[in-house]
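# Observations on chain architecture
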Amino acid sequence: MPGIFAFAETRDGEIRKVSQEVVTAARKLADALGTEVHAVVLGSGIAGAAAELGRYGADKVFVGEAAAFDKYSAEGFTTVISSFIKEHGCDVALFPASSLGKDLAPRVAARLGSGYSSDVIGLEVQGGAVVATRPEYGGKLLSQVAATGGTPVFSVRANVFLPVENAKAGTVETLNVSVNEADFGAIVREIKAGAAEKLDVGEAGIIVAGGRGLGSPENFKLVEDLAAAFGGKAAVGASRAVVDAGWRPHAEQVGQTGKTVAPTLYIAAGISGAIQHLAGMRTARYIVAINKDPEAPIFKVADYGIVGDLNEILPRMADEVRKM
Ligand code: FAD
């Protein structure tokens, strides 16, 4: 058996949490199929960080260091990853369903001439074949997808396969990468990160999201205060209505045209629950909705619903969380 391929994304020289999750998902499949996990990390100055992937179940970690990989290059990464898979072979290739992973994975699938399915939330082996579960129609139904030929390529939604540390450590091997930036059609020169100190809504385990019901951008302080009460563990999310109004940055938008999130806890305050918003958050483990309208559609997906004025409820919740 050639093994399960796991692409591990880095940011600022660190392995991203979603990459630990991809390796954890790969480990689960490898155990079911009786094979190994082969993780690949591309970047510059990332060898030290890459070694940690062994703890999450990678039997071998291949590190491709090149100055050209300091920043993501669609062409460079696609060439190296698809060549690696062609040479080493693999049963299944897994990528994070991050912005980078969703760009890279279908390109690799196209080079391999195989099928691709994005944003999967479940992976299991049925009759020797790998079957992925993914939400369809904004999460209204779940479909099961299996590849009929070639190497199936999947991107894995964040916060679904929570990282599990294994006792054994994998080996780290150097991947010889020969790429020439001059061959790339496009080169990323600079990345301007916005609000780098904040937790990314796409990766946070707890999200406090606000909508038009907040009434003004200043009132978002209530949402920020509740998020802060979780002691750096919670991110602020937003509906499109408030992003379009310029109250919040697009990076915080949750939904069909924003980020797809799957936190353990999603608190929606003053959000009606339009289908396009639900598309991005309905797979959260616990949903708490605060809305003054008892008929608001958000209550249909909420595990806990609070009918009332968010101006009273959010500060009280923040007080209670601080006491925890
Ligand atoms: P509203 O629908 O106006 O809801 C505000 C809610 O706040 C109401 O339910 C109200 O009862 C409640 N409220 C008011 N005051 C209070 C108070 N004091 N206390 C408690 N509750 C209060 N939307 C997204 O969010 N994400 C997307 O990615 C997205 N993509 C879209 C893509 C397309 C193609 C289209 C057509 C739309 C998309 N939308 C998206 C927009 C979506 O349809 C809704 O318009 C939007 O989600 C509504 O945002 P909201 O819930 O904040 O506002």
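As shown above, the structure is provided for reference.
In what follows, the accompanying structure is described. Nothing here was measured: the structure is a model prediction, and the numbers come from that model. (Residues numbered from 1 in each chain as written. Predicted model: local features only at pLDDT ≥ 70, side-chain atom pairs only at ≥ 80, totals over all residues. Heavy atoms only, no water.)

## Brief notes about the sheet that holds strand E13 (residues 206–210)
Put simply, the rule reads: DSSP calls a pair of strands paired once it identifies at least 2 bridges connecting them. Counting from the N terminus, the helices are DSSP H or I runs at least four residues long and the strands are E runs at least two residues long. Lines fitted to the C-alpha atoms define the axes, with helices restricted to the stretch that makes contact. Angles between their N-to-C directions range from 0 to 180 degrees. Residue contacts follow a heavy-atom distance rule, with two residues in contact if any of their heavy atoms lie within 4.5 Å.
The 5 strands are arranged E14-E13-E15-E16-E17 in an open sheet whose pairing can be described as parallel. One side of each edge strand has no neighbouring strand; the edge strands of this open sheet are strand E14 (234–238) and strand E17 (304–307). Each strand of the sheet is rotated relative to its neighbour by a mean of 15 degrees, with strand direction disregarded. Sheet strands touched by helix H9 (residues 310–323): strand E15 (265–269), strand E16 (286–291) and E17. Its angle to E16, the strand with the most contacts, is close to 140 degrees.

## What about the site of the ligand?
Cut-off, in case you're wondering: Near residues are defined by distance, with any heavy atom within 4 Å of the molecule or strand qualifying the residue. Polar contact is the term for a pair of N or O atoms within 3.5 Å; when the atoms are in protein, one must be able to donate a hydrogen and the other to accept it, and sequence-neighboring residues count only if both atoms are side-chain atoms. Surface accessibility in these figures is a Shrake-Rupley result with a 1.4 Å probe; residues are shielded only by whichever protein chains are displayed. Grid spacing is 1 Å over the protein atoms alone, the probe is 1.4 Å, and a cavity is where that probe fits but cannot get out, while a pocket is an open set with protein on both sides within 12 Å along at least five of seven lines and lining residues have an atom within 4 Å of a point. For a cavity or pocket, the test is whether more than half of a molecule's atoms lie within 2 Å of its grid points; if they do, the molecule sits there.
Near the ligand, the surroundings consist of 25 residues, among which Ser239, Thr257, Ser272, Gln276 and Asn291 are the closest. In the model, an oxygen atom of the ligand is placed 2.8 Å from a nitrogen or oxygen of the Arg212 main chain. Gly258 places a main-chain nitrogen or oxygen 3.4 Å from an oxygen atom of the ligand. Here the ligand has 990 Å² of accessible area as a free molecule, and 75% of this is covered by the chains. A molecule is said to occupy a pocket when more than half its atoms come within 2 Å of that pocket's grid points, and by this definition the ligand occupies the second largest pocket. Only helix H6 (240–244), helix H7 (275–281) and H9 provide two or more residues apiece to the shell around the ligand.

## A look at unusual backbone geometry
Quick note on the threshold: Buried, partly exposed and exposed residues are distinguished by accessible area as a fraction of the type maximum, computed with a 1.4 Å probe on protein chains only: under 20%, between the cut-offs, and over 50%, respectively.
Positive phi, normally seen in glycine, also occurs at Asp12, with a value near 50 degrees. Position of Asp12 among the secondary structure elements: in the loop between strand E2 (10–11) and strand E3 (14–15). Judged by relative accessible area, Asp12 falls into the exposed class, the value being 73%. Despite not being glycine, Asn159 has its phi angle at roughly 70 degrees, a positive value. Note that Asn159 resides in the loop between strand E11 (153–156) and strand E12 (171–174).

## Side note on the nonpolar core
To keep things clear, this is the line we draw: For this analysis, a nonpolar core means a set of buried residues of the types Ala, Val, Leu, Ile, Met, Phe, Trp, Tyr and Cys, connected via side-chain atoms within 4.5 Å.
In this structure, Ile4, Val23, Val41, Leu53, Leu94, Leu123 and Phe154 are the most contacted members of the largest nonpolar core, which totals 31 residues. Elements that contribute at least two residues to this core include exactly strand E1 (4–8), helix H1 (17–33), strand E4 (37–43), helix H2 (47–50), strand E5 (60–65), strand E6 (92–96), strand E9 (129–136) and E11. Per-element tally for this core: the top contributor is H1, with 7 residues.

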